[in-house]
Structure formats: C-alpha cells, structure tokens
Amino acid sequence: MEQFSIHVNVGPRSKATFQLTYEEVLKRKFGQYDIVIKVKPKQLVQHFEIDVDIFEPQGISKLDAQASFLPKDLAQTIKKSFSGKKGHVLFRPTVSQQQSCPKCSKSLLNGDFKVTYDVNRDKICDLLVANNHFAHFLAPQNLTNLNKNLVFVIDISGSMQGQKEKQTKEALLKILGDMRPDDYFDLVLFESQVQSWRGSLMQASPANLQAARDFVRRFSVNGATNLNGGLLQGIKILDRAQQSLPELSSHASILIMLTDGEPTEGETDRPQIRKNIQNAIRGRFPLYSLGFGDKVDFNFLEAMSMENNGRAQRIYEDRDATQQLKGFYNQVANPLLTDVELQYPQDTVMALTQHHHKQYYQGSEIIVAGRIADHKLSSFKANVQARGEGQEFQATCLVDEEEMKKLLRERGHILENHLERLWAYLTIQELLAKRMKVEGEEKANLSAEILKMSLAYQFVTPLTSMTISGMVDQDGLGPTIDKPQEGMVNLNPPKLVGPGRMFRLPAFQPSPTQASPIDKLLPDRVTGVDTDPHFIIRVPQKEDTLCFNLNEEPGVVLSLVQDPDTGFSVNGQLIGNEGHSEGTYFGRLGIADPATGFQLEVTPQNITLNPGSGGPVFSWSDQAMLRQDEAVVTINRKRNLVVSLRDKGTFEVVLHRVWKGSAVHQDFLGFYILDSRQMSARTHGLLGQFFHPFDIEVSDIHPGSDSTKLVATMVVKNHRLTVTRGLQRDYSKDPRHGAEVTCWFVHNNGAGLIDGTHTDYIVPDIF
C-alpha cells in the first residue's frame, strides 16, 4: 500500500476543496470485487457523503456495503441498490449519527467502508472490444475442485520469535483444519538447518492432520535463515511424489514459503538462489512467497515468485497477521484448472498481455488484454484450453457484436478509454515484473519502455515520482510532501506549470463506473466546424440545422469567434491534405482572452498555454486539467479538450488522427461551441455571428435533379437562397465515429447566410 501526505496552508475562514482522482484495477477474490474506502475524518463533518456508482457490462449479480465502524442500529444508513448493469451505494450520515455518544464531539467514523459486488457469470468468458483494443475476462463456474499437492516451507529462524511465531502457528493450525481428505501435504521448516515433518507427501487423513498439528505446536524458533535449503527441500518433496505416485500427477501442486528476513545461512547470494529455485521448479508448479514484517527483502521474494508462476504478498506485523496468512491461503486453496492457455488468431492480435496461467482458482478471474489489428475484428475470437478435474477443459469465446454496439451507444468513448487503459496498465505491470528479473542493458531498455508508457498514460509506477512545485501563497509558503522510502508514487498531483497563476490539477480519468463530466456538458446539438471544413450551424428556434463548406488555400487564418466588447477571439489556420491537391482542414487553433491574459494554441501535435510568454507545452498523450484564473482547460488524452471561460463560454477542440486507408492523410482539428450564452450581442466571426437568435423560413421543398436529395427555398437575413437537404457529421460527442446531422446545405461558401463574403473573415494570425 502506497502512502503519502500533502500539507497545504489554508487561510482562516477560507474554503479549500481537495479532490483526489485515482484509478484502480479491481481484482476478483473469493467470488467478488472489493472497493475499500478508508474513513477517518477525526471530527464531526457537517456534510459527509460516500456515493458509489457502479457500471458493469456483464450485469451485476450481487451488491453489498458495510462499514466496520457502524453499530448495528445505524447499518440502515447505508443505502444499496442494483439493477441490470448499474449499482449504487450511498452513505450520508447526519452529524448526530456520526457522534460516538449523544453528547460527544468525537466521531465514530474510523475504519473501513467496504463495497462488495460481483457480475453475472452466465457465459464461460466475456469479450469486450472497442477502439481496436480488447479485454477478455475468464471466470468459469461450476467446475470441480482439483486435489492439491501442497508443501509449506516455513522460516523458524530466531527472528521469528515472539508474536510472529505465535501467529504463524495459529495460521498453520487453521489451514490444516481446512485441508480436504484427498489433498496431500508436507511441512518443511528452515533455520540454520532444514527439517521436514515427513519428508514426503502425506494424505490429509484425520490421523495425519492430527500428527501435523502436534508437529506445528512443538516446533521452536532459533538459528539463522537457510532459505535456499528450505525451498529446495520443498521442491524435492513435490518432485519425489509425482515420480513415485503417478496418481498425484493430476493434482495441482503448490509451494508456499513464509519468511521474515534475509538469507543468512547456506547459499546467501540472491541471484544464485533465484537461479537455483527456477532450475529446480522448471515451470511445473507455482511458488507463492509471504514476506512477514518490514525487514524482509520483498523485491527479492517478488522476483523469485514471478519467475515461478506465483506471486509474493507482504504480511504486516499486526494483530490480524494470522488472518492475513489464512486469507492468502484461502485464495489458492481451491484450484479449478491448471495450465490455462488463452489463444487468439496470430494475424489478428498484437501486444498481448499474459495469456498463459499455471493455475486458475475458485472465486478469482483471469484477464487478458491486447490490440486488434486493423480490419481484423471479424476474425477475432478466443480459444481457451486447460486441464480440469478428470478431463480437458476447452471453450471458444466470441464477441457479442450486438451487445457491444449497445454498450458503445451507452458508454461511448468512456468504454473505449477504459479498455485501452486496462491494456496499458496490464502491459506496464508485466514489464515491471520482467524488469525485476534482468540486469544491465536489458533492464535499462525495459525501464525506458515502462517510463514511456507510464508518462503517456499517466500511470503510477516505480519509475515515476510525485512532485508538487511552485504552489506558494502570498507569504511564500508552499505544500510539502512526506513519503515512505519503499517504492515511488505519482498521483498526477497539482503542479505549477506556467507563470504566476497556472496550476495543473488532477486529471479526470473516465471509467465504466463514473460518467465523464464532458458527457454531462455536451448539448444534444451544437454549432461547430470540422473536417473539410464543414460548418454546422444550429438553429434552436426552428429545431433545425444549417451547413456550409468553405474553400480556401492552406495557410489562410480565419476568424471563427470575435467579441469586440471583451477582445475574446478564436481563430483557425487551414492546412492541406498532405500529398493531395484537394481538401483543407483546420490544423492550428488560437483561443485568446486579453482580459485575463489567457492564450491557448492547439495543433494536432501539441497544446501550448500562453505561447507568447513561453508557457508550458502538453501533448495529446497527456490527461490533465489546467486552470488559470477564470479559465479551465481539460485535456482528454488522444480525444479532445474542453476550454471553459467564466462569463464567456465553453468550447471543445476535437483531435482527428488519420488511420491506414483514410482519405485524409494528415491529422487535423474540429472546433465546437458548447455554451455561448454569456457572449456579447456584438460577437461575430464565421461561427460567432450565429451565437444569438436568427430566423429562417424554408418553403417549396421538392426533389432536386438528384432524386435522392430534397431542394428548398430558404429565406435568411433577407436573402432568398436555394438549399439542399444533406448530411454532415458532428464529432463533438464521439470524436472517433461522429454522429450524422441532417441539415440544409447553403452553397457557394455560405453566401447569403454569413455576413459579407467569406474572405472578410481572413485575419493575419491566430492571435
């Protein structure tokens, strides 16, 4: 668990809002997902609220919420509900309900607020596909438990004396009580010397279990730590059993080791120990390592476990250490499948995350993510092969295309963003694990790859650090950060990124369980300009839309919005279609508010704040929120950005990336007006002139020379125009696919609709 603290000076009687935004991949354990929120306000809070929204594409099968600090008579203050794909939990205690006693000023809110839920498991596996990325969730139900060959390798060196010895014995006694009759097991103890309970696997009969309990109660701790010898003895016991007892070869073999210190006896060189253990196991069964306390070399245990298809877990020295040990065992106590292989067509997928798992356990879940090659979705599928109890397990998983279309309509870019980020997160975690196993140039190359992906996706890794700099108050006092030494953290914190007044705020990362604020912001129909460039003008009084195109040379700068009362402006520069003579697009936008000194330059490559004064530069790979005085800029990675200026309006810039086979050969931008109600009545420009009400009358609608298109007469601004019914695409809500908009098309560069001629809107530069 990462810990950090930020200290910020807040003036008397002033108001401060602290917002921490983070992402977490929920791991399924014991048949459910857990969301744990630490609650410790240390005071009575006037408005205290925990509000949890859950969205799961498979549908929610169960939902519960509990608070460790609530007495039974207040349990009803937690409101829970779920239906279909959505779930909701609300905890909003009054001040009196927070009091530890009727007249106390002390709060009883001190502990864990835990939300647990699971999803429907009607199918063997679920495939989600969006934006050329996929996630494969495998959690088959109703399988028979495999019998186990289980060896515990326990550190009984002198450092285990006292509470750790007591808790280890308690945990082992509880685990022995849960063994199934057809399981086989043994116990290996190591200090300076290595000893075994039996030296071979024994069936978990009542008599053998009782003898093992007596052995556990009797052992005492002393001596040094011969970790290498203990593990090799455990591996030898599993090897011998499989060779001499063929009936045990179909069991799931598991090696679990517990230690609280570093190797000090026998082989003590850590790289050599890892090599010895890997050569002995040879990938045949997993090694799980439990590190007891804070003196253990956890990185060493983690690397050794990962090399052998297992994982490591830290056991904290606490009153519940016995339960921690027992809890870990429970996760691996019920193997259902071994040698699980998830296979995909080789020419269809790329950049796969781990798709071979030594064992699958009851109540858990296997997740594989990857990228789908262009135009290969139709041939995408997944085959699953594994070994179950008494038979081979095989399944084929296909994409439910109708369900995916429905999901994309419901969640849009939020789902697309989630799948890509899930793939990136799993990839980074696997690269980090691989990095732990290598040295020299290979390690340096992996570090560079991890760092590049971490920065691109704004993820916390041991190679990124958390910094807050430059945020000083009038007295020159700034925030400080306290952090433990183990590991590093980067939570995308507030960061001064420009002169004087510009702060970078925590970025909002949309997820399937939380609606993006951008979605809430967007009206159903907007005014804007996009593609070649096609202008879309909303006429709300008529519930209709007008369109016109504009033909100009690359390099020309056009005035889109100009407010003479405030000086606010938006200008755009055209670029050509690279390598082609036809078609121009907006390749550079400038948004300026002279009243506050705010300037924003946007290109398909970079976003620059206050370029005239050497302001900071962001790429479209960033996910960030930036604030300068009354302006807020939200960058949504590789999709769009939203600019909100108080007393002026809200505007969106959409990024269009070219793809293989596209008719457009150069990245370009779209621009949309989300809210312009506070702009002055004198606002002008190719878009600005339509911010305020105007009227149109359409008559004489009839088929044109092209019988598939309607033609009409439209009266607008005292001009009588011939217009054609057509279609354009609005990308304001869905930057990738867009939505069709039916509109009346005005010909000849909008002549008669726009004031003057289109050349009147040419300006020298974007600022």
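**Student:** Describe the overall build of the protein chain, listing the residues and the values that go with them.
**Tutor:** The helix and strand inventory of the protein chain stands at 12 helices and 44 strands. Counting every position in the protein chain, which comprises 767 residues, the buried fraction comes to 51%. Contacts in the protein chain between residues at least 24 apart in sequence constitute 64% of all its contacts with a sequence separation of at least 6.

**Student:** I'd like a description of the pattern of salt bridges, backed by residues and values.
**Tutor:** This model, assessed by the stated rule, comprises 36 salt bridges. The partner of Arg 421 in a salt bridge is Glu 23, and the shortest N-O contact between them spans 2.5 Å. With a gap of 398 residues between them, Arg 421 in helix 9 (residues 413-435) and Glu 23 in the loop between strand 1 (5-7) and strand 2 (33-39) connect regions that are remote in the sequence. Glu 23 gets classed as partly exposed once you look at its relative accessible area, which sits at 36%. A salt bridge links Lys 114 to Asp 34; the shortest N-O distance between them is 3.7 Å. Taken together, the residues Lys 114 in strand 7 (residues 111-119) and Asp 34 in strand 2 connect sequence positions 80 residues apart. A single salt-bridge network, built from bridges that share partners, covers Arg 28, Asp 118, Arg 121 and Glu 365.

**Student:** An account of the sheet that holds strand 22 (residues 391-397) is requested, with residue identities and associated values reported.
**Tutor:** What links the strands of a sheet is backbone hydrogen bonding, and the strands pair in either a parallel or an antiparallel sense. With antiparallel pairing, four strands are arranged side by side in an open sheet as 19-17-21-22. Each having just a single partner strand, strand 19 (356-361) and strand 22 make up the two edges of the open sheet. The mean angle between the axes of side-by-side strands here comes to 25°, regardless of whether they run parallel or antiparallel.

**Student:** Which residues make up unusual backbone geometry, and what are the values?
**Tutor:** Of note in this structure, Asp 339 is not a glycine but carries a positive phi near 50°. Phi at Thr 531 is positive, roughly 50°, even though this residue is not glycine.

**Student:** Break down the environment of Phe 671 for me, with residues and values.
**Tutor:** Take Phe 671: it is sitting in strand 39 (residues 668-675). Setting aside residues no more than four positions away along its own chain, Phe 671 makes contact with Gly 528, Val 529, Leu 560, Val 561, Val 570, Leu 589, Ile 591, Phe 651, Glu 652, Val 653 and Leu 687.

**Student:** Before we move on, can you summarise the state of the cysteines with the specific residues and values?
**Tutor:** If you walk through the whole model with that rule in mind, you get three disulfides. The disulfide partner of Cys 125 is Cys 397, and the S-S distance across this bridge is 1.5 Å. Residues Cys 125 and Cys 397 share a disulfide whose torsion about the S-S bond is about -95°; that sign makes it left-handed. With a gap of 272 residues between them, Cys 125 in strand 8 (residues 125-130) and Cys 397 in strand 22 connect regions that are remote in the sequence. Here the two residues Cys 125 and Cys 397 agree in accessibility, since each one is buried. The disulfide bridge from Cys 547 ends at Cys 743, spanning 2.1 Å between sulfur atoms. Residues Cys 547 and Cys 743 share a disulfide whose torsion about the S-S bond is about -120°; that sign makes it left-handed. Here Cys 547, found in strand 28 (residues 544-549), pairs with Cys 743, found in strand 43 (residues 739-746); they are 196 residues apart in sequence, far enough to count as distant. With respect to burial, Cys 547 and Cys 743 carry one shared label: buried. What connects to what in the protein chain, once the bonded cysteines are numbered by sequence position, is 1-2, 3-4, 5-6.

**Student:** Account for the packing of helix 2 (residues 163-177) against helix 3 (residues 206-218), naming residues and giving values.
**Tutor:** Two elements in contact, helix 2 and helix 3, have axes separated by 10 Å at closest approach and are oriented at 180°. Classified by the interaxial angle, the pair formed by helix 2 and helix 3 is roughly antiparallel. Together, Lys 169, Leu 172, Leu 173, Leu 176 and Gly 177 of helix 2 and Leu 209, Ala 212, Arg 213, Val 216, Arg 217 and Arg 218 of helix 3 make up the contact between the two elements.

**Student:** So, the sheet that holds strand 5 (residues 78-83): which residues are in play, and what are the values?
**Tutor:** Overall, antiparallel pairing links the three strands, which are arranged 3-6-5 in an open sheet. A single partner strand is all that each edge strand has here, and the edge strands are strand 3 (50-55) and strand 5. Neighbour-to-neighbour, the strand axes of this sheet turn through a mean angle of 5°, independent of strand direction.

**Student:** Before we move on, can you summarise the nonpolar core with the specific residues and values?
**Tutor:** If you look at the biggest cluster of nonpolar residues, it comprises 55 residues, and the most contacted ones within it are Leu 560, Val 561, Leu 600, Leu 641 and Phe 671. Judged by nonpolar contacts, the second largest core, of 48 residues, contains Met 404, Ala 424, Leu 431 and Tyr 457.

**Student:** Account for the pairing of strand 31 (residues 584-593), naming residues and giving values.
**Tutor:** Here strand 31 lies mainly inside the structure; nine of its 10 residues are buried. Inspection of the sheet shows strand 30 (residues 569-576) paired to strand 31 by eight bridges, in the antiparallel sense. Residue pairing across strands places Gly 576 opposite Thr 584, the latter belonging to strand 31. In the sheet, strand 31 pairs with strand 32 (residues 598-602) via five bridges, with the strands oriented antiparallel. Bridge pairing links Ala 592 to Gln 599 in strand 32. Taking the residues between adjacent antiparallel strands as the criterion, strand 31 and strand 32 are bridged by four residues, where Gly 597 takes a positive phi near 75°.

**Student:** Can you break down the environment of Ser 105 residue by residue, with the values?
**Tutor:** With respect to the helices, strands and loops of the structure, Ser 105 is situated in the loop between helix 1 (95-98) and strand 7. C-alpha separation for the pair Ser 105 and Gln 43, spaced 62 residues apart in sequence, amounts to 7.4 Å.

**Student:** Describe the packing of aromatic side chains, naming the residues involved and giving the relevant values.
**Tutor:** Overall, the coordinates contain 17 aromatic pairs when judged by the stated rule. Taking the centre distance of 4.6 Å and the plane angle of 5° together, the rings of Phe 535 and Phe 548 count as stacked. Here Phe 548 lies in strand 28 and Phe 535 lies in strand 27 (residues 534-539), a separation of 13 residues in the sequence. Grouping residues by exposure puts Phe 535 and Phe 548 together as buried. An aromatic cluster is built from Phe 48, Phe 69, Phe 91 and Phe 113, whose rings are joined through pairwise contacts. Above the face of the Tyr 457 ring, Arg 637 is positioned so that its terminal group lies 3.6 Å from the ring centre.

**Student:** Requested: an account of helix 8 (residues 401-411), with residues and values cited.
**Tutor:** Among the residues making up helix 8, those that are buried are Met 404, Leu 407 and Arg 411. Projection of helix 8 onto a plane perpendicular to its axis shows the buried side chains occupying an angular sector of 60°, all on one side. Opposite the buried face of helix 8, by more than 90 degrees, sit the exposed residues Glu 402 and Arg 409.

**Student:** Which residues make up the packing of helix 4 (residues 227-244) against helix 5 (residues 270-281), and what values do they have?
**Tutor:** Where helix 4 contacts helix 5, the two axes come as close as 10 Å, and the packing angle between them is 0°. Comparing their axes, helix 5 and helix 4 come out roughly parallel. Contact residues: helix 4 offers Leu 227, Asn 228, Leu 231, Leu 232, Ile 235 and Asp 239, while helix 5 offers Ile 273, Asn 276, Ile 277, Ala 280 and Ile 281. Its residues assigned to classes, the contact of helix 4 with helix 5 comprises eight nonpolar, two polar and one charged.

**Student:** Outline helix 4, supporting the account with residue identities and numerical values.
**Tutor:** Between its first and last C-alpha atoms helix 4 spans 26 Å; for 18 residues at 1.5 Å apiece the expected length is 26 Å, and the two agree. What helix 4 keeps buried is the set Leu 227, Asn 228, Gly 229, Gly 230, Leu 231, Gln 233, Gly 234, Ile 235, Ile 237, Leu 238, Asp 239 and Ala 241.

What counts and how
Residues numbered from 1 in each chain as written. Predicted model: local features only at pLDDT ≥ 70, side-chain atom pairs only at ≥ 80, totals over all residues. Heavy atoms only, no water. Helix = DSSP H or I, 4+ residues; strand = E, 2+ residues; numbered from the N terminus. Buried < 20%, exposed > 50% of the residue type's maximum accessible area, 1.4 Å probe, protein only. Contact = heavy atoms within 4.5 Å. Salt bridge = Lys/Arg side-chain N within 4 Å of Asp/Glu carboxyl O. Pairing = 2+ DSSP bridges. Axes fitted to C-alpha atoms, helices over the stretch in contact; angles between N-to-C directions. Disulfide = S-S within 2.5 Å. Parallel < 35°, antiparallel > 145°, perpendicular 65-115°, else oblique. Core = buried A, V, L, I, M, F, W, Y, C linked by side-chain atoms within 4.5 Å. Phe/Tyr/Trp six-rings, centres within 6.5 Å; stacked < 30°, edge-to-face > 60°. Lys NZ or Arg CZ within 6 Å of the ring centre and 35° of its normal. Arc of directions from axis to C-beta. Nonpolar A, V, L, I, M, F, W, Y, C, P; charged D, E, K, R; others polar. Expected span 1.5 Å × (residues − 1).

These figures come from the coordinates and say nothing about function on their own.
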